[in-house]
Amino acid sequence: MAIVPVDVLSHAAIAFVYAGKLILLTIGLNMTYSVLKFSNFSHAEWVTWGMFSSWWLLQILAFLVPWDAEMGFIINNILIQATFAFFMVGILGILSEILVFGRLRDLKASARSFTVASIGIGLVVRNLLSMVFGDYPQPVSSPELPFGLEDILVINITLTNRDPILGTQSIILTSYKILIILISIITVLLIDYIFKHTKFGIAMRATSDSIDLAQVSGINTRQIIFITWFIAAGVTGFGAAFVRATQGRFGTMDGFSMLLPIFAVVILGGVGSFRGGIVSAFIISYAREISAIILTEFQKKPYGLQYVIEDLLGFTISLSPGYMDGVGFVVLILVLLFRPQGIFGSVEAIRARV
Amino acid sequence: MDKPVLRAHNVVSGYGKLQVINGVDLHVNEKELLTIIGPNGSGKTTLIRTLIGLVEMFEGQVFIREKEVSHMRPHEIIKAGIPLGYVPQLANVFPSLTIEENLKMGLFVKKWDEYYLKRIEEIFNLFPILGERISQRASLLSGGERQMLALARALMPNPEILILDEPTAALAPNLAEDMLQQVVTLKKTLGISIILVEQRAKRSMELSDRGIVLVTGRVAAEGPSNELLQEDTIRKLYLGVREKS
């Protein structure tokens, strides 16, 4: 039986795009993590709500207002969808501050209470979405890209095709997949600049260090916290609209399924380090993909490890590529053993962890 | 007659239902060092935090330079241009910010481009070591250096009144004495009024102009420091002075 070589390049391309998604969805969590100092688990539902609001809510809105061709063009434009999602998820962020987190802060609740409350908010939002839209992912079309980018942003490289030794080695990246990488890096650099070099960014960091001292310096900390929620949630919604555009279907569990990798990226890169998030997103997604390749090879008959073990021990264990997320976390743990503050994190950021 | 820079009438404050300050009157005059002493839990910190809006005031009034600041939130007081500097006991610097950023925070409500360079020279004259380490994070400073940075930040807006909450608390004894001397020097060279809350009751009282003894949220004694230092009960109970037998 001939052994089919692995299409390494296509796997590399898949990991590349996954890294882009992670970067884009991580920025908001990194902001709340470093400024508000707790693990916001409702971040998962920010992603989901971003996907739903960018698609369904806009469709519904367009249905309610008199429809014409012009309107159809507007709501199918990705920039409109992403901007709309920015505001809708931003509002969700502010609402959770007003209804829950702000009250907890007034009561001087511990970070643990914040985290548990955020799990609750996430569940409520997810269940509300299930009630309205159902549990099963529904197929949708990709939105349009402006300026003819759809045709320009395509990478289709085939190095070898059914080569006797290398097999097929090809990279196929379509518009949204390329765009995700570009947008994620631009967004990180922009947020990083705001955080480090603007007066508003310094005020955010000051508020995160000490609310009392920030107040007596003249900072309206309540305002800063609101804006932090709005931007962090908004950027997540913006990213979620783009991530959705790469998928043929989406459902209420999409955000939750990405939550753990998103957390891993923030912690591995270092809380408060947005650029660190870029590097760690690539590390995590390549670790996942490489392990997926290896695990797939293990399952191949007749020489795969799974069958070798079966022959030796007389019972079957499954070495499914589905375990790749676990491998990503093994990498995370290994790095943290040597650098507990993450790759680019500062030592004092460790205090932020819950 | 001396004009008070800050005066407070019948201040009642606390946390939620817990009343900590039970009707305190106080004032601090121009170029005066007022020391507030008292046993642990007497409400010293709560009192000064109430004056600047960090603790909710249930009753009473506070005026700084004849402008009423009662019930204003701290950032509103600063935004209103009230010439006030405050150094809390704990968390007195922003650890993740650099020294330069910490100093800029002292001027948050002003235009940085315009004011920072104007003020920084005087600050570096007072605290030369800060100038050498301007781009270092505050978390890397030693206890004494942190305290210096905290003072420098509070002095950035050129305040007329400085409120210090136990500036010697985290310092070794020799550094604590230096710090108290520095407070006196600041008062003299800058001509500002200072409210000082201190655990080192006797020493701080010796250096100050006037003193207040706070017990269970009430003023137990008040007067010029040299008079308070002479009173037997105060010497025994609050200044920790043992009479020779």
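A quick note: this is a predicted structure, and the numbers were derived from the prediction, not measured.

Draft legend 1. Main features of the packing of helix α1 (residues 8-36) of chain A against helix α7 (residues 175-197) of chain A. Residues and elements named next belong to chain A. With their axes 7 Å apart at the nearest point, α1 and α7 run at an angle of 25° to one another. In terms of their interaxial angle, α1 and α7 are classed as roughly parallel. Here α1 runs over α7; the crossing is left-handed. For the pair formed by α1 and α7, the contact residues are F16, V17, G20, K21, I23, L24, I27, M31, S34 and V35 on the first element and K177, I180, I181, I183, S184, T187, V188, I191 and F195 on the second. Per-class residue counts for the contact of α1 with α7 are 13 nonpolar, 4 polar and 2 charged.

Draft legend 2. Up close: the packing of aromatic side chains. Residues and elements named next belong to chain A. Here the structure, examined in full by the defined rule, presents 20 aromatic pairs over all chains. An angle of 80° between the planes, with centres 6.1 Å apart, marks the rings of Y33 and F263 as edge-to-face. Note that Y33 is positioned in helix α1 and F263 in helix α11 (residues 254-269), a separation of 230 residues in sequence. Under the relative-accessibility criterion, F263 is labelled buried at 7%. Judged by centre distance (5.9 Å) and plane angle (50°), the ring pair of F87 and F230 falls under tilted. One end of the pair, F87, is in helix α4 (residues 78-106); the other, F230, is in helix α10 (residues 221-246), and 143 residues separate them in sequence. Judged by its relative accessible area of 42%, F87 is partly exposed. According to the relative accessible area criterion, F230 is partly exposed, its value standing at 21%.

Draft legend 3. Representation of the interface of chain A and chain B. Contacts between the two partners involve 21 residues from chain A, matched on the other side by 27 residues from chain B. In total, chain A and chain B occlude about 2,200 Å² of area from one another, counting both sides; carbon and sulfur atoms represent 59% of this. Taken as a group, K199, L213 and V216 of chain A account for 28% of the area that chain A buries against chain B, more than any other trio of residues on that side. For the pair chain A and chain B, the number of links is 7 residue pairs in polar contact (both at pLDDT 80 or more). Elements with a minimum of two residues in the side of chain A that touches chain B: α8 (199-209) and α9 (211-216) of chain A. The element that contributes the greatest number of residues to the side of chain A that touches chain B is α8 of chain A, accounting for 6 residues. Tallied by class, residues from the side of chain A that touches chain B come to 7 nonpolar, 6 polar and 8 charged.

Draft legend 4. Main features of the confidence of the model for chain A. When pLDDT is averaged along chain A, the result is 86, and 94% of the positions lie at 70 or above. Note that pLDDT drops below 50 for residues 349-354 of chain A; the model gives that stretch 21 contacts with residues more than four away or on any other chain.

Draft legend 5. Quick peek at the pairing of strand β2 (residues 155-163) of chain A. All names here are of chain A. Pairing of β2 with strand β3 (residues 167-173), which is carried by 6 bridges, proceeds in the antiparallel orientation. Each residue of the ladder has a partner; that of I157, found in β3, is I171. Counting the residues between successive antiparallel strands, the hairpin from β2 to β3 contains 3 residues.

Draft legend 6. Structural view of helix α4 (residues 112-126) of chain B. For α4 of chain B, with 15 residues, the first-to-last C-alpha span of 20 Å sits near the 21 Å given by 1.5 Å per residue. Along α4 of chain B, the helix axis deviates most sharply at I120 of chain B, where the bend reaches about 30°. For α4 of chain B, the set of buried residues is W112, Y116, R119, I120 and I123 of chain B. Check the buried side of α4 of chain B and you find it contacts α8 of chain A together with α3 (99-105) and α6 (143-155) of chain B.

Definitions and cut-offs
Residues numbered from 1 in each chain as written. Chains lettered and ligands numbered in written order. Predicted model: local features only at pLDDT ≥ 70, side-chain atom pairs only at ≥ 80, totals over all residues. Heavy atoms only, no water. Axes fitted to C-alpha atoms, helices over the stretch in contact; angles between N-to-C directions. Helix = DSSP H or I, 4+ residues; strand = E, 2+ residues; numbered from the N terminus. Parallel < 35°, antiparallel > 145°, perpendicular 65-115°, else oblique. Left-handed = near helix turned anticlockwise from the far one by under 90°. Contact = heavy atoms within 4.5 Å. Nonpolar A, V, L, I, M, F, W, Y, C, P; charged D, E, K, R; others polar. Phe/Tyr/Trp six-rings, centres within 6.5 Å; stacked < 30°, edge-to-face > 60°. Buried < 20%, exposed > 50% of the residue type's maximum accessible area, 1.4 Å probe, protein only. Buried area = accessible area lost by both parts, 1.4 Å probe. Polar contact = N/O pair within 3.5 Å; in protein donor to acceptor, adjacent residues only side chain to side chain. pLDDT = per-residue confidence, 0-100. Pairing = 2+ DSSP bridges. Expected span 1.5 Å × (residues − 1). Bend = angle between axes of the 7 residues up to and from the residue.

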